[in-house]
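If you want the building blocks of each chain, they are given just below.
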Amino acid sequence: MGETSTEFTQRERIPVGIFNSAELACREVADAIEALIRERDGADMPTVLGLATGSTPVGLYRELIRRHREGGLSFARVITFNLDEYYGLGGDHPESYRRFMQEQLFDHVDIEPENTHVPDGLVEREEVYGACRAYEEAIREAGGIDFQILGIGRTGHIGFNEPGSGPESRTRLVTLDSLTRRDAARDFLGEENVPRHAITMGIGTILEAKRIYLLAWGEAKAGVISQSVEEAPTDTVPAGFLQVHQDCRILVDHAAAAQLTRVRHPWLVGPVDWTPEMIRRAVLWLARKTGKALLKLVDEDYAENGMADLLTEQGSAYELNINIFNTPQHTITGWPGGKPEADDSHRPERADPFPKRVLVLSPEPMDDVYCMGGTLHRLANQGHELTVACQTSGSLAVPDPDLRRAVELLDEVARGQGGEKEAAFAASLRRQLVAKGQFGEDSRDLRYLKALIRRGEARASGRLLEVDADRLRFLDLPFYEQGRYRRFQPGKADVSIMAELLREIRPHQVFATGATHDPLSVHAICFLVLCQALDLCREEAWTRDCRIWLYRGPGAEWEAHEIDMAVPLSPDEFENKIQGIYQHQTQRSQSPSLDKGSSSNTWNLASLINRSAADTYDQLGLAEYEAIECFRKWVPDSWRD
Ligand code: PGA
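In this text, all values refer to a predicted model and were calculated from it rather than measured experimentally.

1. What about the sheet that holds strand 7 (residues 172–175)?
Piece 1. Spatially, the three strands line up as an open sheet ordered 4-8-7, and their pairing is antiparallel. Strands with a single pairing partner mark the edges of an open sheet, and in this sheet they are strand 4 (84–86) and strand 7. Here the strands of the sheet are splayed against their neighbours by 30 degrees on average, with no regard to which way each runs.
Piece 2. For strand 7 and strand 8 (residues 197–200), the ladder comprises four bridges, and the chain directions are antiparallel.

2. Remarks on the nonpolar core
Piece 1. If you look at the biggest cluster of nonpolar residues, it comprises 68 residues, and the most contacted ones within it are Ile149 and Leu242.
Piece 2. No other element matches helix 1 (residues 22–42), which puts nine residues into this core.
Piece 3. When neighbours within four sequence positions are excluded, Leu242 is seen to be in contact with Ile14, Leu150, Ile158, Ile206, Leu207, Ile212, Leu214 and Cys248.
Piece 4. In this structure, Met278, Ile279, Met307 and Leu396 belong to the second largest nonpolar core, which totals 67 residues.

3. Structural notes on the pairing of strand 3 (residues 78–82)
Piece 1. Summarising burial for strand 3: five of the five residues are buried, a large majority.
Piece 2. Burial of strand 3 is two-sided: the residues Val78, Thr80 and Asn82 facing one way and the residues Ile79 and Phe81 facing the other way are all buried.
Piece 3. The pairing of strand 2 (residues 47–51) with strand 3 spans five bridges and is classified as parallel. Directly across from Leu49, in strand 3, lies its bridge partner Thr80.
Piece 4. A crossover connection joins strand 2 to the parallel strand 3 through helix 2 (residues 58–71); in handedness this β-α-β unit is right-handed.
Piece 5. The pairing of strand 3 with strand 5 (residues 116–117) spans two bridges and is parallel. In the strand pairing of strand 5, Phe81 is matched with His117.

4. A closer look at the packing of aromatic side chains
Piece 1. Scanning the model with the defined rule gives 15 aromatic pairs in all.
Piece 2. Seen in terms of ring centroids, Trp267 and Trp285 are 5.6 Å apart; in terms of plane orientation they differ by 65 degrees. Their pairing is edge-to-face. Note that Trp267 is positioned in the loop between helix 9 (261–264) and helix 10 (276–290) and Trp285 in helix 10, a separation of 18 residues in sequence. Of the two residues, Trp267 and Trp285, neither departs from the other in class, the shared state being buried.
Piece 3. A centroid spacing of 5.1 Å and a plane angle of 55 degrees characterise the contact between Phe527 and Trp634, whose relative ring orientation is tilted. Of this pair, Phe527 sits in helix 20 (residues 522–536) while Trp634 sits in strand 17 (residues 627–634), and the two are 107 residues apart along the sequence.
Piece 4. Among the residues examined, Phe527 registers a relative accessible area of 9% and is labelled buried.
Piece 5. Aromatic rings pair up to connect Tyr86, Tyr97, Phe160 and Phe188 into one cluster.
Piece 6. Seen from the ring of Trp558, Arg632 lies directly overhead, with NZ or CZ sitting 5.8 Å from the centre.

5. Considerations on the site of the ligand
Piece 1. In the vicinity of the ligand, the contacting residues are Gly54, Ser55, Thr56, Gly151, Ile152, Gly153, His157, Lys221 and Arg486.
Piece 2. At 2.8 Å, a backbone N or O of Ser55 approaches an oxygen atom of the ligand.
Piece 3. A distance of 2.6 Å is found between an oxygen atom of the ligand and a side-chain nitrogen or oxygen belonging to His157.
Piece 4. Within the complex, the protein chains bury 82% of what would otherwise be the 280 Å² of accessible surface of the ligand.
Piece 5. Here the shell around the ligand is composed, by residue class, of one nonpolar, six polar and two charged.

So, how was this worked out
Residues numbered from 1 in each chain as written. Predicted model: local features only at pLDDT ≥ 70, side-chain atom pairs only at ≥ 80, totals over all residues. Heavy atoms only, no water. Pairing = 2+ DSSP bridges. Helix = DSSP H or I, 4+ residues; strand = E, 2+ residues; numbered from the N terminus. Axes fitted to C-alpha atoms, helices over the stretch in contact; angles between N-to-C directions. Core = buried A, V, L, I, M, F, W, Y, C linked by side-chain atoms within 4.5 Å. Buried < 20%, exposed > 50% of the residue type's maximum accessible area, 1.4 Å probe, protein only. Contact = heavy atoms within 4.5 Å. Right-handed = clockwise from strand over helix to strand, strands pointing away. Phe/Tyr/Trp six-rings, centres within 6.5 Å; stacked < 30°, edge-to-face > 60°. Lys NZ or Arg CZ within 6 Å of the ring centre and 35° of its normal. Near = heavy atom within 4 Å. Polar contact = N/O pair within 3.5 Å; in protein donor to acceptor, adjacent residues only side chain to side chain. Areas by Shrake-Rupley, 256 points an atom, 1.4 Å probe, with all protein chains shown as cover. Nonpolar A, V, L, I, M, F, W, Y, C, P; charged D, E, K, R; others polar.

Geometry only, nothing functional implied.
This is the structure:
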């Protein structure tokens, strides 16, 4: 933690603080904001805050609200300016940033409404320029921004300054990048509903703030954080322009820090303690970097890539290579539940007991088949007592056209076959659908119907993977039913449902995901709920004989050195898995043009990832497979002796 500069941070052009959790980082930012407000209040001066929206600052806003309620922190003299707003959305639109700010902060503190500023998304096109100038003028009149909070988009945007935005840019109307629109698609229930334009403060405007804190959580931000921090600034990664600011800090959690050189390749910037884990990482990296199989690495490869000290310590490349080769070699298994009656001394999973009670957790329906469909098939096929639990209903991710089809089907059945009650229910669903309009919230009935659609898809998918319908459980965790994306708040009820399931099954194996995701994502919250449930169960006997395997989650795979179990899939098995994914019809891309071989399409992405894991193993000189699903062994802190 902290931002002491050392040889390990030599490539970092902005001070970066790495925190154990987003929550801890948010506390530090809240400390700084609170100190500033109290100092200004003491001097009878206002505090001017620049605020951001999105998932990133939600934890900070919750902490500020807590301090207001419990610590008497007052916002009575605070003036705020938000970075941006979607163009075309009014302040009451559920996805407008004005509404977001009201719900996430303003409505819960004593800020004067007239002191809060968010660009107006409904300003007439010909008045936009004037409105943007007036926004800048208002910032100046308030004395300039004292403290600016920023998130960062995967495009490297700050505010909505997409690639192409220069350091001189001012508040203006911009066109959103397609990646940004894709990232917002879930909030808007489909990419086609995401506005194409926004009004944003410019980079020049942001750079005038006296102090800047950029926050980033979760693995999805790791790449863009390292680019912004370690590469010379260009307008392809606008956040890099923060390098010129004299008082800017970046606060990240471990997942968002993962691509910084000091974390990813520490041996390139300073002397490292060559633990077996570090050696494994470095040698696997060297093989990938040189494009050579592990057993073909020679002394020069080590010497020319900053690893001469390792060579000196360990002898020769020959010995190093062989030692390292065995580790990934022993991760490969076609028996993810362990091979009964086999010598398991070099297998990732134990042979006994057999069969095992196996619990597979899927944050939303489809994550399981998407990330580990081949493994699921094997577990079922190899005779284990399998339970697949969908932690949330997944109802938020069902697009309205699919809902409408289901309502019409019900209506038709009711008219043809049903009694009065069914017909009345179908008619009421139709009315609720009309009443909600394009962006309204789903009523309870509609949301329930959406959940049922996803259950049907999960059953269809399971059927292909030989997972019988009675092996599926739908937990419908309450945090999901009460929230929207980016606004979930898990509670005790979630944890007790999860703990109850664990106690009922007493699993020998749990497969789960979510450890490295953005803390407000469904995946991370489901993981948090699991962790808390595992903590509750820590004294119970079954935990002594339970192994937990993490799959990385949609969109990414573990890196070679992180993999403890690699389950290869034959071409037929792989095809079957893809068919399983296809059963989740509502999760197809809503835009057919995206479906043509593009990696942005959910279905194509699954095959790219599994194939690239297989390519990695092939290139390392281990074995050549069609596809591989990878897992990492994990033990909760509270389970360690
Ligand atoms: P996020 O968005 O906080 O929802 O990840 C950040 C941004 O796009 O600036």
